[in-house]
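# Observations on the three-dimensional arrangement
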Amino acid sequence: MKAPICEVCLKTDGILCPADEKKLQEGIISELDVKVARLLYRLIGDSDVEFKKAVEAGDLVVIVVGEGDVPLTIGKGGKNVKILTRELGKRIRVIEAVEVRKPEDVKKIATDLLYPAGVFGVNVVYKPSGDNYYRILVPDRDRKKIPGRREVLESIISQIAGAEVRINFI
Ligand SMILES: [Zn+2]
């Protein structure tokens, strides 16, 4: 398994090696990344899976993995997700990493995370301050289908996309 911490740190608990401790102090990785990486390592060990990062908001933790790595991470019949849910005490979603450069990239993440609600599209909104954000358009009839509170999902998607997003029901 590939992870943002080294193999020695994956195999141990408690303190990190100096290199990984430095990454943590500099905010390159988070406490949650370390925790999830170690838990995943115990579950899938030597599988050919890349764990990229984990983000959390509200009662939801989203685990971001490499291309094609979702099934192995979830495990047969979702067994790894069940264990992670128990260990972390939160709902777990596993998604494939997307490098965000354009609205379609945000749409892919949103489509994954807002399911079973649909996503019409994503556009860029320019604020008077000169900043911008991605607006995710969800059909109003799907308002009750989004899998969590709107603010929680906005926070999660923003963290994964590395850009501000807002959900609009239309
Ligand atoms: Zn290390």
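Our structure's up above, just so we're on the same page.
Now for a quick tour of the structure. (Residues numbered from 1 in each chain as written. Predicted model: local features only at pLDDT ≥ 70, side-chain atom pairs only at ≥ 80, totals over all residues. Heavy atoms only, no water.)

### Notes on the packing of aromatic side chains
- Here the structure, examined in full by the defined rule, presents zero aromatic pairs.
- Positioned above the aromatic ring of Tyr133 is the side chain of Arg166, whose terminal nitrogen or guanidinium carbon lies 3.9 Å from the ring centre. (Phe/Tyr/Trp six-rings, centres within 6.5 Å; stacked < 30°, edge-to-face > 60°. Lys NZ or Arg CZ within 6 Å of the ring centre and 35° of its normal.)

### Focus on the pattern of salt bridges
- Inspection of every chain in the model, using the stated rule, returns 16 salt bridges.
- Two residues, Lys11 and Glu7, come together in a salt bridge whose shortest N-O distance is 3.1 Å. In this pair, Lys11 and Glu7 are both assigned in helix α1 (residues 7-11), four residues apart and thus about one turn of the helix distant.
- One salt bridge connects Asp105 with Lys102, and the closest N-O pair in it is separated by 3.3 Å.
- The exposure class assigned to Asp105 is buried, which follows from its relative accessible area of 11%.
- Exposure remark for Lys102: the relative accessible area of 38% places this residue in the partly exposed category. (Salt bridge = Lys/Arg side-chain N within 4 Å of Asp/Glu carboxyl O. Helix = DSSP H or I, 4+ residues; strand = E, 2+ residues; numbered from the N terminus. Buried < 20%, exposed > 50% of the residue type's maximum accessible area, 1.4 Å probe, protein only.)

### Considering the coordination of the zinc ion
- The protein atoms that coordinate the zinc ion are Cys6 (SG), Cys9 (SG), Cys17 (SG) and Asp20 (OD), at distances of 2.1 to 2.3 Å.
- Geometry at the zinc ion is tetrahedral, judged from its four donor atoms and the angles of 99 to 122° they form at the metal.
- Each donor residue of the zinc ion belongs to the same chain, and together they define the spacing C-x2-C-x7-C-x2-D. Here the residue Cys6 occupies a position in the segment before α1, and Asp20 occupies one in helix α2 (residues 18-25), the gap between them amounting to 14 residues.
- Classification of Cys6 as partly exposed rests on a relative accessible area of 29%. (Donors = N, O, S within 2.8 Å, 3.2 Å for Na, K, Ca; no water. Tetrahedral: all angles 85-135°; square planar, octahedral: opposite > 155°, others 65-115°.)

### Some points on the packing of helix α6 (residues 103-114) against helix α7 (residues 150-161)
- At a minimum axis distance of 10 Å, the contact between α6 and α7 shows a crossing angle of 140°. When the interaxial angle is binned, α6 and α7 end up oblique. The chirality of how α6 crosses α7 is right-handed. Counted together, Ile109, Ala110, Leu113 and Leu114 of α6 and Leu153, Ile156, Ile157, Ile160 and Ala161 of α7 form the full contact between these two elements. (Axes fitted to C-alpha atoms, helices over the stretch in contact; angles between N-to-C directions. Parallel < 35°, antiparallel > 145°, perpendicular 65-115°, else oblique. Left-handed = near helix turned anticlockwise from the far one by under 90°. Contact = heavy atoms within 4.5 Å.)

### A look at helix α5 (residues 79-88)
- Those residues of α5 that sit buried are Asn80, Val81, Leu84 and Leu88. Relative to the axis of α5, the buried residues are bounded by an arc of 95° and lie together on one face. Seen from the buried face of α5, the exposed residues on the opposite side, beyond 90 degrees, are Lys82 and Arg86.
- Its buried side turned inward, α5 meets α3 (31-44), β2 (60-65), α4 (70-74) and β3 (91-96).
- Phi turns positive, to about 65°, at Gly89, one or two residues after α5. (Arc of directions from axis to C-beta.)

### Considerations on α3
- End to end, α3 covers 20 Å across 14 residues, agreeing with the expected 20 Å (1.5 Å per residue, within 8%).
- Most of α3 sits inside the fold, with ten of its 14 residues counted as buried.
- Listing the buried residues of α3 in full gives Leu32, Asp33, Val34, Val36, Ala37, Arg38, Leu39, Leu40, Tyr41 and Ile44.
- Looking at the buried residues of α3, the elements they touch are α1, β1 (51-57), β2, α4 and α5.
- Trailing α3 by a residue or two, Gly45 shows a phi angle of about 35°, which is positive. (Expected span 1.5 Å × (residues − 1).)

### Comments concerning the side chain of Glu154
- Its location among the elements puts Glu154 in helix α7.
- What makes Glu154 buried here is its relative accessible area of 16%.
- Here Glu154 is in contact with Val165, Arg166 and Ile167, once residues within four sequence places are set aside.

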